[in-house]
Amino acid sequence: MTPLAQRVANAVYARSPQVLCFSCLAAEQGLDEHDVRGTACVLVARAGLSLVERPCASCRRLKHMLVAEVAA
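The following refers to the structure shown. (Residues numbered from 1 in each chain as written. Predicted model: local features only at pLDDT ≥ 70, side-chain atom pairs only at ≥ 80, totals over all residues. Heavy atoms only, no water.)

**Some remarks on the pattern of salt bridges**
Per the stated rule, a full pass over the model turns up two salt bridges. In this structure, Glu28 engages Arg15 in a salt bridge whose closest nitrogen and oxygen atoms are separated by 2.8 Å. Of this pair, Glu28 sits in helix α2 (residues 22-29) while Arg15 sits in helix α1 (residues 3-15); the two residues are 13 residues apart in sequence, bridging distant segments of the chain. Since its relative accessible area comes to 26%, Arg15 is described here as partly exposed. (Salt bridge = Lys/Arg side-chain N within 4 Å of Asp/Glu carboxyl O. Helix = DSSP H or I, 4+ residues; strand = E, 2+ residues; numbered from the N terminus. Buried < 20%, exposed > 50% of the residue type's maximum accessible area, 1.4 Å probe, protein only.)

**Details of the state of the cysteines**
Following the criterion strictly, the structure yields zero disulfides and no others. Cysteine Cys56 is unpaired, with the sulfur of Cys24 as its nearest cysteine sulfur at 3.7 Å. Here Cys59 is not cross-linked by a disulfide; its sulfur's nearest cysteine counterpart is in Cys56, at 3.8 Å. Given a relative accessible area of 24%, Cys59 falls into the partly exposed group. (Disulfide = S-S within 2.5 Å.)

Shape descriptors only; they carry no functional weight alone.
Next up, the structure:
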């Protein structure tokens, strides 16, 4: 996993169960939103994260975001 992917994954896990949209996650981490979105594809495929549509904990807009999958 790249350092960027690890950084984004760590941020998602650290905030769980609160979730941030890509815009707010990028701003919080000081990253480019485009880079966060691109990294999300890798994290969904390889790191056990999921892409869902929920209200953002920061901006409150209904958007797609990364979440830590909950084991059943």
